[in-house]
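Per-entry structural report
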Amino acid sequence: MICVKVHLLAFLLLNKFSASSAISGVFLNAGTGGYEEVVVSVGEELPRSSCPHIIDSIKKSLTAASQSLHRSTESRVYLDKISIELPYSWTEADCRTPLSTACLPPSNPRTGDFIIGEDHPIHGTFPFTQQFQGCGKPGEYVYLPLSFISSASNSSQPQQHWSSIGQLIANQWARMRYGIFADIQQDSDTVSVTSQQHAHCRAKTAREVVYAHADFLQGGGGGHLLQSVNFTVPRFVLLRQQAPKYVIVLENSQTMNMEDNWSRIRTATKKFLGHDLPDMAKVGLVLFNEAAHLGYAVSELSPDAREGLAYSIGNKYDLSPSTSSCVRCGIEQAVESLQESGNTAQGAVIIIISQGSISSFSLGDEKDMLEVAKRHSLQIYSISLPQLPVVDVNLSLERLAYATGGESFYLTREDTESNLAIYVKLINTFREIQARTWTDAPQMIHEAKFSPHSEGVYENRGHFTIDKYTGNNTEFMVLAENPGESYLKSMSLQDQRGNMYSKIMDNMQNFHIFSIYKVPFESDQNIGMNWSYSLERLPSADLSNTHFVQVVSHPRDLLENINIRIWSNLQEHAVRLTGSSPVILYAEVSVGRAPVLDASVTAQIQAINQSGYLSPTITTQLLDNGNGDPDLIRQDGIYSRYLTGLPVEGRYTVRVTVTDNYGKAFAPLKVYGEPTRSCCIDIQAKISNQKLGSFTRMKMGDSFRVHNTLSAGEYPPARILDLKVQTISKSDELEFTWTSPGDDFDIGKPTSYQLYYSKNPTAFYSEQNRIDVLESFSATVPAGGQESRRTRIPAMDKTVYYAIIAVDQHGHLGEMSNIVKALVQGRIASHNELKTGARHSAAAIASSTTTDDENSFLNGTLLDVEKPSTILFYLIAGIVGFIVLCAFIVMIILVAFRHRRKKEPTSIDEEDLASNGSGGEGTSLEAPHATTLEIAAMDPETKHFLLGNSAQESMIVGPTHSSLIKDDSSGESVLENPYGYSAGGAGFHNQMLSSAPNNFGWSASANPYMVTSNPYVYKDNNETYATIGGSYNHHTNTSQDSYIRGGFQPTYARAIPKNLRNQMQNQQGQHIYSNAAMIAARSSPNAHVVRTAQLSSHLMAARSSPNGSQASIASSRGTVTFQTQAETSMASPDSSDQAPTPTKSILKKPKPLRDDVDNLGGARDDTLSDRDSQCSQQSHSSSRNLYNNSRGNKNSL
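Cut-offs and rules
Residues numbered from 1 in each chain as written. Predicted model: local features only at pLDDT ≥ 70, side-chain atom pairs only at ≥ 80, totals over all residues. Heavy atoms only, no water. Helix = DSSP H or I, 4+ residues; strand = E, 2+ residues; numbered from the N terminus. Buried < 20%, exposed > 50% of the residue type's maximum accessible area, 1.4 Å probe, protein only. Contact = heavy atoms within 4.5 Å. Pairing = 2+ DSSP bridges. Salt bridge = Lys/Arg side-chain N within 4 Å of Asp/Glu carboxyl O. Axes fitted to C-alpha atoms, helices over the stretch in contact; angles between N-to-C directions. Parallel < 35°, antiparallel > 145°, perpendicular 65-115°, else oblique. Left-handed = near helix turned anticlockwise from the far one by under 90°. Nonpolar A, V, L, I, M, F, W, Y, C, P; charged D, E, K, R; others polar. Phe/Tyr/Trp six-rings, centres within 6.5 Å; stacked < 30°, edge-to-face > 60°. Lys NZ or Arg CZ within 6 Å of the ring centre and 35° of its normal. Disulfide = S-S within 2.5 Å. Lys, Arg positive; Asp, Glu negative; His and termini not counted. Polar contact = N/O pair within 3.5 Å; in protein donor to acceptor, adjacent residues only side chain to side chain. Core = buried A, V, L, I, M, F, W, Y, C linked by side-chain atoms within 4.5 Å. pLDDT = per-residue confidence, 0-100.

Right, let's talk about the overall build of the protein chain for a bit. A count of helical and extended segments in the protein chain gives 26 helices and 48 strands. Counting over 1197 residues, the protein chain shows a buried share of 54%. Excluding contacts between residues fewer than 6 apart, the proportion of contacts in the protein chain whose partners are at least 24 apart in sequence is 76%.

Structure follows, in structure tokens:
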């Protein structure tokens, strides 16, 4: 079968790029204007039964795309030769057409220029281009969903539909090929300032970038544009991926046994051929020294072939005595063996294992073998085992491997490493080559090393997780240095359920591998299982008991597997660094087609320096933050970082470890609705972000050489490409946010930033002398963090453009950032702002209305706008000063108030007191000044004193909420009143009048000194209050009841000092009742006279009492209750039933009154403390106020 060969010019172009980055091998035929070697890769996930339909849709859509590209480029280029590469499992019967064999093996599912697959998890049915570099640099591939390219089949106007599809595909092709970020059909001379095209291409239009590409310039980048050409329909070739073909070219000279390495080389090669490679692979063996011969003919890996290959690799006694090496001879023999027996060398993989000395491969050999490799589409890998120091290095062999899309590996053993280390490095290298050349390759999940010891039995433990994407053909391997004596006393595996497996299996002992018998890794119930292992290691006198633990596993499903690809921005294997061209490392992490987000991607970089020794390992974290430089797009699954800390000249190797980042990693994956809920949820596949669980992957990257090094200070900060701005209208400010770059590109922290502004957006990239610095300020956040800055608005009612650059400590400036714009409308100052002098607002308004200010802005002079911090300082100072002044005034008033209290009289005139009289039953109070008494009674504080202790004068008609204790003697029922007042009834001794609400005070439950031992109490909402029946001994309650029924609302209860409780009880000989007596209504016509009579009665009783003074004072300090001795019908002249009475919330504590009279009816008791006196201040002041008012107004009644 003849293989379709890659065109020579395409192969030369491919050599410029790293093979693992999957850069396209497309080239332009300048004579015809047609692009050739365009590869379309069809995804394995598509149904093979749809092969004819898929092929037809590809041909029609790409033909339309070629026509659109021809029109958009003014008839200069089009798509000419297109290869459609079908999956390996598809047959000619499935596609109903003959298929040719593809030249290269399916080393990666994304090697095509166009990829045809299912709807993308993020982009859905729309095409997109995978871009990871900046403007003018090629992308990776164009993804075309099958539903997109086949949608025209169901259209009523298919011709127009195909034309639209072709235009969209042509736009994506232009993005991938020319490195633009806008549609090529955009025929405008300008580009939007805020677009990606403007930011990445520094204000150049898409057409400008396209026509500056080397494809359009005659002479390879110089001269005139290509001439117009006629359009030609593309030529399509159908290919089928082939099984991999390997030829091992193994040096067998005596030098290969230095440090006893041959046995390890032989064992690792036999493991790769006899155990690792798939059965479908074709493998041959070539042995060479100063000449080459065929060790085993290329054949499919049957059991007999595996055994024959193993026997063809002799032991160390079979090595050639020659010390010469001819790598060229080995390559030529490999190509010859591939062409024998009807096979073809096209697309084969050649693995060269040699000493890698300079003399083994010359510059002439490199040139000749490169021609052979291009002719046969060979992919060459080189494994060299030099001795330390590595000074005898063959650079020609390195370059050949790189030029053919392969890789070169140097395996060395340090002095502190055992011989087992070389063997482990060999099997890891073979595994890496297999992963690069075949999709179904084992993946490293866990690796650990345990150092040797000479005494005691060591027990070593570890753990690993078989995630849900692996678990197929999982191998737990313990590698021992000496297979005959493993120094393993015991080994065990335990899952997280507690199941233990400990039977050692040694069927792979010849490969230095020991395992455990029948561990159910592949069981469905063990998906995502966390395993722990334990090793008991015996001592060794010669320290030959080094052990390695490795866990490798194949993917459960090739369509949903965690894939990792690593590449760099280098276009050559060996480079010379400059401040503007550092090394950028990229790593793509994906699950199927979906990007893996928030994963931890860590790169370990190690160099062999010019002296031939290994340098310390450098560790750096790759990021997917979308800062634009170098990470182009945020959360696209491509992690990147600048490598600015390369310490030495030499050859660098890269190893990447990817983990789930402590459970944070997720990916947009398919989910399906529940069939039982199909009425409401589509049971078709949906896309949702799903956590990936715990996982670990380790992969080797490409090597590269550095001819020079740069110190840290020679790199500038990275370019900022995510600058954003928003307006803070309240403070007339702008807030800028961006991702902080580093001091050296994206490493470290910059020193400062310079924020620029201009009225002309094109000046930032082309006329920087026309832009002005708005502000310079220090950096605060290291690389990768979010930085922000607020600054003043330079002009109102104008569209102003802004950009920023970073500055490092050495004065190096980063490139100009993307441009943002802001238009702030001037606001009209309010009356309060003008009155209070809002200087900041006035200045901001003036900046947009004053002609001089406009001229100064255009000239680059910043306006003198007062900073908000200054206004805030004056505002705070004024508030503090006002508070201090108020405090000073209050202190003066308090001092004067206290001084005045000490000088006021403390006794009551006996005549005045006697003139009020004491009314018995049927008598009335001869109050001479009714008006004054009425006014006094209307005073809220006076009413609080009078009515707060006079619950008997109130009678309310209506229900109450009070739950009163039932009087068994009278049989009267309990009444409820929602306002806390008692209902009128026959059980009362006093005639109650109509009420008016006045709810001074609190509930008695708020009084911590409430006496609950009084038998004459009532209950209100589970709270206990004192009744009126048990008053002082000089009052008489003529009621037949021993207590007063009714719902009485208590007033504010003042605390009884602790030191007076016992004293008051002894003096009065009764319980101390709470002054939380019941509030009565205030709207009765006789309310004021009754209250006055109550007051006079109490005062006279206080005078006539032997301990009147003491009793009055004590009662005022503790609890006060008043009770009239006779009914009265006297009413105030202006009172009426309809007269409104002011009310006060019972939840509000009354204000304290000034104590005008310290003692009632006598001298002040000096034994009372100041604190006790203060407790009775309110009761005394109320009595004195009413008494004084009644003296001065004797004729009012």
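This next bit is on the sheet that holds strand β2 (residues 34–36). Spatially, the three strands line up as an open sheet ordered β1-β2-β4, and their pairing is mixed. Each end of this open sheet is capped by a strand with a single partner; those strands are β1 (27–29) and β4 (78–79). Sheet analysis places β1 next to β2, joined by three bridges and oriented antiparallel. The partner of Leu 28 across the bridge, within β2, is Tyr 35.

Further remarks concern the environment of Leu 370. For Leu 370, the location among the structural elements is in helix α11 (residues 363–376). When the C-alpha atoms of Leu 370 and Ile 380 are compared, they prove to be 10.0 Å apart, with 10 residues separating the residues in sequence.

The next subject is the pattern of salt bridges. Going through the model one piece at a time under the given rule, you end up with 35 salt bridges. Where Lys 699 meets Glu 432, a salt bridge forms, and the shortest distance between an N and an O atom there is 3.4 Å. On the criterion of sequence distance, the pair formed by Lys 699 in strand β36 (residues 696–700) and Glu 432 in helix α13 (residues 420–437) is long-range, its members being 267 residues apart. Across this residue pair, the class does not change: Lys 699 and Glu 432 are buried. Two residues, Glu 588 and Arg 565, come together in a salt bridge whose shortest N-O distance is 2.6 Å. On the criterion of sequence distance, the pair formed by Glu 588 in strand β28 (residues 583–591) and Arg 565 in strand β26 (residues 562–568) is long-range, its members being 23 residues apart. By relative accessible area, Glu 588 is classed as buried at 3%.

For a regular strand, the rule is simple: side chains alternate between the two faces of the sheet. Sheet topology places strand β12 (residues 282–288) next to strand β13 (residues 292–300); six bridges connect them, and they run antiparallel. Paired with Val 286 across the two strands is Leu 294, which belongs to β13. Here β12 folds back onto β13 in antiparallel fashion, the turn holding three residues.

Each packed pair of helices is defined by two parameters, the angle between the axes and the distance between the axes. Helix α12 (residues 395–403) packs onto α11 with a crossing angle of 15 degrees between their chain directions and a minimal axis gap of 9 Å. Between α11 and α12, the crossing angle belongs to the class labelled roughly parallel. In this structure, α11 meets α12 at a crossing whose hand is right-handed. Taking contact as the criterion, the partners of Leu 363, Glu 366, Met 369 and Leu 370 in α11 are, on α12, Ser 396, Arg 399, Leu 400 and Ala 403. For the contact of α11 with α12, the residue count by class is five nonpolar, one polar and two charged.

This part covers the packing of aromatic side chains. Applying the stated criterion to the full structure yields 25 aromatic pairs. Centroid distance Phe 476 to Tyr 533: 5.5 Å. Interplanar angle 55 degrees. Geometry classified as tilted. Here Phe 476, found in strand β19 (residues 470–480), pairs with Tyr 533, found in strand β24 (residues 529–537); they are 57 residues apart in sequence, far enough to count as distant. Judged by relative accessible area, which is 2%, Phe 476 ranks as buried. Judged by its relative accessible area of 2%, Tyr 533 is buried. Following the ring pairs from residue to residue traces out a cluster consisting of Phe 464, Phe 476, Tyr 501, Phe 521, Trp 531 and Tyr 533. Cation over ring: Arg 76 sits above Tyr 211, and NZ or CZ is 5.1 Å from the ring centre.

A word on the state of the cysteines. Applying the stated criterion across every chain, the model contains three disulfides. Between Cys 135 and Cys 201 runs a disulfide, and the two sulfur atoms are separated by 2.0 Å. Measuring handedness by torsion sign, the sulfur bridge of Cys 135 and Cys 201 sits at about 100 degrees and is right-handed. Highlighted residues: Cys 135 in the loop between β8 (128–130) and β9 (141–145) and Cys 201 in the loop between α6 (196–200) and α7 (206–211), separated in sequence by 66 residues. Using a relative accessible area of 3% as the deciding quantity, one classes Cys 201 as buried. Each disulfide pairs two cysteine sulfurs, and for Cys 326 the partner residue is Cys 329, the sulfurs being separated by 2.2 Å. Torsion about the S-S bond of the Cys 326 and Cys 329 cystine: about 75 degrees, corresponding to right-handed handedness.

This next bit is on the side chain of Asp 495. The residue Asp 495 is located in strand β20 (residues 488–495) in this model. Despite its burial, Asp 495 remains without a salt bridge, the nearest opposite charge being carried by Arg 497 at 4.2 Å. In this structure the side chain of Asp 495 is engaged in a polar contact, spanning 3.0 Å, whose partner is the backbone nitrogen of Arg 497. A distance of 2.8 Å separates a polar atom in the side chain of Asp 495 from the backbone nitrogen of Asn 499. With near-sequence residues (within four places) excluded, Asp 495 lies in contact with Tyr 501, Met 529, Asn 530 and Trp 531.

The next thing to look at is the nonpolar core. Core analysis: the largest hydrophobic core is formed by 51 residues, its most contacted members being Tyr 35, Trp 173 and Tyr 178. Ranked by the residues each element gives to this core, the list is headed by helix α5 (residues 158–178), at eight residues. Apart from residues no more than four positions distant in its own chain, Tyr 178 is found in contact with Tyr 35, Leu 69, Val 77, Gly 136, Lys 137, Trp 173, Val 209, Val 210, His 213, Asp 215 and Phe 216.

Low pLDDT means the predicted atomic positions in that stretch should not be read closely. Scored by pLDDT, the protein chain has a mean of 75; 66% of the residues are at 70 or more. Confidence over residues 105–110 falls short of pLDDT 50; this stretch has 26 contacts with residues more than four positions distant or in other chains.

Taken together, the seven strands give an open sheet; going across it, the order is β6-β10-β5-β3-β7-β9-β8, and neighbouring strands pair in mixed fashion. Unpaired on one side and paired on the other, β6 (100–101) and β8 mark the two borders of the sheet. Pairing of strand β5 (residues 81–86) with strand β10 (residues 235–240) involves six bridges; the strand directions are parallel. Bridge pairing in β10 links Ile 84 to Leu 238. In the packing of α5 onto the sheet, contacts are made with β3 (38–42), β7 (114–117), β8 and β9, and the angle to β9 comes to roughly 155 degrees.

It is worth spelling out unusual backbone geometry at this point. A cis amide bond, omega -5 degrees, links Leu 388 with the succeeding residue Pro 389. Checked against the element boundaries, Pro 389 lands in the loop between β15 (379–384) and α12. In the segment running from Asp 629 into Pro 630, the intervening peptide bond is cis, with an omega of 10 degrees. Within the secondary structure, Pro 630 is located in the loop between β31 (618–622) and β32 (638–643). The phi dihedral of Ala 203 is positive, around 75 degrees, even though this residue is not glycine. Mapped onto the fold, Ala 203 is located in the loop between α6 and α7. Residue Ala 203 is classed as partly exposed on the basis of its relative accessible area of 26%. One non-glycine residue, Asp 732, adopts positive backbone phi at about 50 degrees. On the secondary structure map, Asp 732 appears in the loop between β38 (724–728) and β39 (733–739). For Asp 732, a relative accessible area of 6% corresponds to the buried category.

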